[in-house]
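# Observations on the three-dimensional arrangement
Each chain, letter by letter, is given below.
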Amino acid sequence: MTKGNPMIYLFSDAGRPALRNFLDDSTLFAFDLDGTLAPIVADPARIVIPKEIWEQLIYLNRIAPVAIITGRARADAQKHLGFKPRFLLGNHGAEGLPGREKQEEEFCRYCREWLDQLEELIPRASESGIVVEDKGKTISLHYRCASDRDAAVERIIEVIGKLNPVPRRVPGKYVENIVPNDAPHKGEALLQIMGHTGCSKALFVGDDATDEDVFGLEDDHVLGVRVGCETSSLADYCLADQKEIAGLLSSIICLYDRSLQDKTESLFL
Ligand SMILES: [Mg+2]
């Protein structure tokens, strides 16, 4: 599909067959966490994956390779997941890739340097509603609670521009993320896991600006589904809202089970 075309609603006459034709037993299933598996809430510490979604996800993880790729630190994401997915990548893909431990230590060093600099550059961040979150391998500067969000984000962008070494700035919903320049983004991380598992295809579901790094991959073997059809995105398909994730998981499980069954039957023909 050509990137930049309007997204197609996944549960439409055009979307359903596309999903059916894409999925088979060589597919990796990858999901973002906040806003995708769990609805966004005012306090990010209180997100909860709805029971129906959680149970289906656990089942899918049992029968197929599942990866969670989130902006949260892995340990934090693990607390909210309550089960161990086959792959759990944190910090937008910068944490948890197999064999990248040495590089991750370097990311931690960068972050410690940036945190020291941030203390000097925005000494009373909380007074302007800016929350500095140390996530180990990346840093998030939240401004959801700022009384003047425009002023807060302007200040944050200015401050990030002064950091040394120069980081990659990754904008999200009311948050600006500070990411080491050579850290893999979500799209690169997904391709790495596909290589690692031997899965030739991946279905990825996400809702945020950081998920565009996956949606923008020029790769027909990756099918991107965005939660929310109302905004522009490089994703091929979309869901109306987060509540439709339960229906998507049911469809995936049904199609995947059928694909395994067909394969088993063909062995006996
Ligand atoms: Mg999200």
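Residues numbered from 1 in each chain as written. Predicted model: local features only at pLDDT ≥ 70, side-chain atom pairs only at ≥ 80, totals over all residues.

### Some thoughts on the sheet that holds strand S2 (residues 27-31)
Put simply, the rule reads: Strands were regarded as paired on the criterion that DSSP finds at least two bridges between them. Runs of E in the DSSP output that reach at least two residues are strands. Runs of H or I that reach at least four are helices, and both are numbered from the N terminus.
If you walk across this open sheet you meet the 7 strands as S1-S11-S10-S9-S2-S3-S4, and the pairing is parallel. Two strands bound the open sheet, and with one partner strand each, they are strand S1 (8-9) and strand S4 (87-89). Pairing analysis gives 5 bridges linking strand S9 (residues 201-206) to strand S10 (residues 222-227), with the strands arranged parallel. Directly across from Gly 206, in S10, lies its bridge partner Arg 226.

### Concerning the environment of Pro 39
Our working rule: Here the C-beta atoms are placed from the backbone, and a residue counts as buried if at least 20 other C-beta atoms lie within 10 Å of its own, exposed if 12 or fewer do, and partly exposed otherwise.
Within the element layout of this structure, Pro 39 appears in the loop between S2 and helix H2 (51-63). Looking at Pro 39, the number of C-beta atoms within 10 Å reads 17, which means it is partly exposed. Sequence separation between Pro 39 and Tyr 174 is 135 residues, and the spatial gap between their C-alpha atoms is 16 Å.

### Regarding the pairing of strand S3 (residues 66-69)
Rules: A clockwise path from the first strand over the helix to the second, with the strands pointing away from the viewer, defines a right-handed crossover.
Burial along S3 is two-sided: the face carrying Val 66 and Ile 68 and the face carrying Ala 67 and Ile 69 are both buried. You can see the chain leave S2, run along H2 and come back into S3, and the turn it takes is right-handed. Taken together, the 3 bridges between S3 and S4 define a ladder with parallel strand orientation. The partner of Ala 67 across the bridge, within S4, is Phe 87. In this fold, S3 hands off to helix H3 (residues 74-81), which returns the chain to S4; that crossover is right-handed.

### Quick look at the domain arrangement of the protein chain
Cut-off, in case you're wondering: Domain delimitation in this document rests on an assignment produced automatically or drawn from a domain database. A pair of residues counts as a contact when their C-beta atoms, built from backbone coordinates, are separated by no more than 7 Å.
Assigned domains within the protein chain: domain 1 (20-97 + 201-267) and domain 2 (101-179). A separation of 27 Å is found between the C-alpha centroids of domain 1 and domain 2. Each partner contributes to the interface: domain 1 provides 9 residues, whereas domain 2 provides 12 residues.

### Some words on the sheet that holds strand S6 (residues 139-142)
We count it as follows: Every axis corresponds to a line fitted to the C-alpha atoms, with the helix fit spanning only the stretch in contact, and the corresponding angles, defined between N-to-C directions, vary from 0 to 180 degrees.
Pairing is antiparallel in the open sheet, where 4 strands are placed in the order S5-S6-S8-S7. Edge positions in the sheet fall to strand S5 (131-134) and strand S7 (168-172), since each of these pairs with one other strand and no more. The mean inter-strand angle of the sheet, taken between neighbouring strand axes irrespective of direction, is 20°. Of the pairings in the sheet, the one linking S6 to strand S8 (residues 175-179) comprises 4 bridges and is antiparallel in character. The partner of Ile 139 across the bridge, within S8, is Ile 178. Across the sheet, helix H5 (residues 149-160) is in contact with S6, S7 and S8; its angle to S8 comes to roughly 10°.

### Examining the pairing of S5
Sheet analysis places S5 next to S6, joined by 4 bridges and oriented antiparallel. The residue of S6 that forms the bridge with Asp 134 is Ile 139. Between S5 and S6, which pair antiparallel one after the other, the connecting turn spans 4 residues, and Gly 136 there sits at a positive phi close to 85°.

### Brief notes about the nonpolar core
Heads up, the rule is: Nonpolar cores are identified as sets of buried Ala, Val, Leu, Ile, Met, Phe, Trp, Tyr and Cys residues joined via C-beta atoms within 7 Å.
Within the largest apolar cluster, 45 residues are counted, with the highest numbers of intra-cluster contacts made by Ala 30, Ala 67, Ile 68, Leu 190 and Val 225. Val 225 has contacts with Leu 10, Leu 203, Val 205, Ala 235, Tyr 237, Cys 238 and Leu 239, leaving out every residue within four places of it along the chain. The next biggest cluster of nonpolar side chains, apart from the first, holds 18 residues, and it includes Tyr 110, Leu 118, Tyr 143 and Ile 178.

### Topic: helix H4 (residues 101-121)
Selection rule: Helix span is expected to be 1.5 Å times the residue number reduced by one. Arc definition: directions from the helix axis to the C-beta atoms.
The terminal C-alpha atoms of H4 lie 30 Å apart, and with 21 residues this matches the ideal 30 Å at 1.5 Å per residue to within 8%. What H4 keeps buried is the set Tyr 110, Cys 111, Trp 114 and Leu 118. Here the buried residues of H4 occupy an arc of 105° about the axis, which is enough to place them on one side. The outward face of H4, more than 90 degrees from its buried face, is lined by the exposed residues Glu 101, Lys 102, Glu 105, Arg 109, Arg 112, Glu 113, Asp 116, Glu 119 and Glu 120. Its buried side turned inward, H4 meets S5, S6, H5 and S8.

### What to know about unusual backbone geometry
Here the residue pair Asn 164 and Pro 165 is connected by a cis peptide bond, since its omega of 0° sits within 30 degrees of zero. Looking at where Pro 165 falls in the secondary structure, it is placed in the loop between H5 and S7. Although it is not a glycine, His 92 sits at a positive phi angle of roughly 65°. Residue His 92 is classed as buried on the basis of its C-beta count, with 29 C-beta atoms lying within 10 Å.

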